[in-house]
Amino acid sequence: MTRTITRSYDTYETARSVVTRLEEAGVASSDISVIGRDETSTESNAAEGAGIGAGVGGAAGLLAGLGILAIPGIGPVVAAGWLASTAAGAVAGAAAGGIVGSFTSAGVDKAEAEYHAETVRRGGSVVAVRAEPEHEATVEAIMDGAMPIDRSTREAEYRADGWSRFDETATPYRPPVV
């Protein structure tokens, strides 16, 4: 039975490198998704979105299909893969639940889905992989080798800031000026 494995990363660059390593290990691009903040890309005009994938991802693979979505509660993100398609459908009103619904429809439990959505809202990136049991260990080794965010630590930080769940009606997050 296919399982969805997700990890959040502080930077889009890290998520992008994870996608590249997964593809190099033989994971099909159709089984990988990435969604996150790449400030250099999301500051661009959304009409330029089609060209961004080729510029940052090379000529082949998942990243060549990178595009820009505006997700309620998050703002503009770069996204590619099956999760991006689900999120785009949710944004267009074709699916309920927005980004959290996109994660939960992929088999991610709601609490984890809310954490990943909030991580993207706060500038992070998420890689999600649909893996068959015989490939789970390889996928997890690659994803964990890139030092994903420790969920329990990060959730504690979010809660200290007053967070209790992802709110798709919230304005895009802006970090406090220190």
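Scroll up for the structure.
Residues numbered from 1 in each chain as written. Predicted model: local features only at pLDDT ≥ 70, side-chain atom pairs only at ≥ 80, totals over all residues. Heavy atoms only, no water.

J.: Where do I start with the nonpolar core in this structure?
T.: A general trend in soluble globular proteins is that nonpolar side chains are found buried together. Leu22, Val34, Val127, Val129 and Met143 are the most contacted members of the largest nonpolar core, which totals 22 residues. Those elements giving two or more residues to this core turn out to be strand 1 (3-9), helix 1 (12-24), strand 2 (32-36), strand 4 (75-80), strand 5 (125-131) and helix 7 (136-145). Per element, the largest residue contribution to this core is five residues, and it comes from helix 1. Beyond its immediate sequence surroundings of up to four residues, Val34 is in contact with Tyr12, Ala15, Val19, Leu62, Leu63, Leu66, Val78, Ala79, Ala80, Val126 and Val127. (Core = buried A, V, L, I, M, F, W, Y, C linked by side-chain atoms within 4.5 Å. Buried < 20%, exposed > 50% of the residue type's maximum accessible area, 1.4 Å probe, protein only. Helix = DSSP H or I, 4+ residues; strand = E, 2+ residues; numbered from the N terminus. Contact = heavy atoms within 4.5 Å.)

J.: So what exactly am I meant to see when it comes to the environment of Phe166 here?
T.: Along the chain, Phe166 falls in the segment after helix 8 (151-160). Residue classification places Phe166 among the buried positions, given a relative accessible area of 4%. Expressed as a C-alpha distance, the spacing of Phe166 and Thr119, which sit 47 residues apart in the sequence, is 9.3 Å. With sequence-adjacent residues up to four places away left out, Phe166 is seen in contact with Pro72, Gly73, Ile74, Ile99, Val100, Glu114, Ala117, Glu118 and Arg121.

J.: Explain the pairing of strand 3 (residues 67-71) to me, please; I cannot follow it from the model alone.
T.: For a regular strand, the rule is simple: side chains alternate between the two faces of the sheet. Of the strand pairs in this sheet, strand 3 and strand 4 are connected by five bridges, and their pairing is antiparallel. Within strand 4, the position partnered with Ile68 by the bridge is Val78. Hairpin remark: strand 3 followed by strand 4, antiparallel, with three residues in the connecting loop; positive phi at Gly73, about 85 degrees. (Pairing = 2+ DSSP bridges.)

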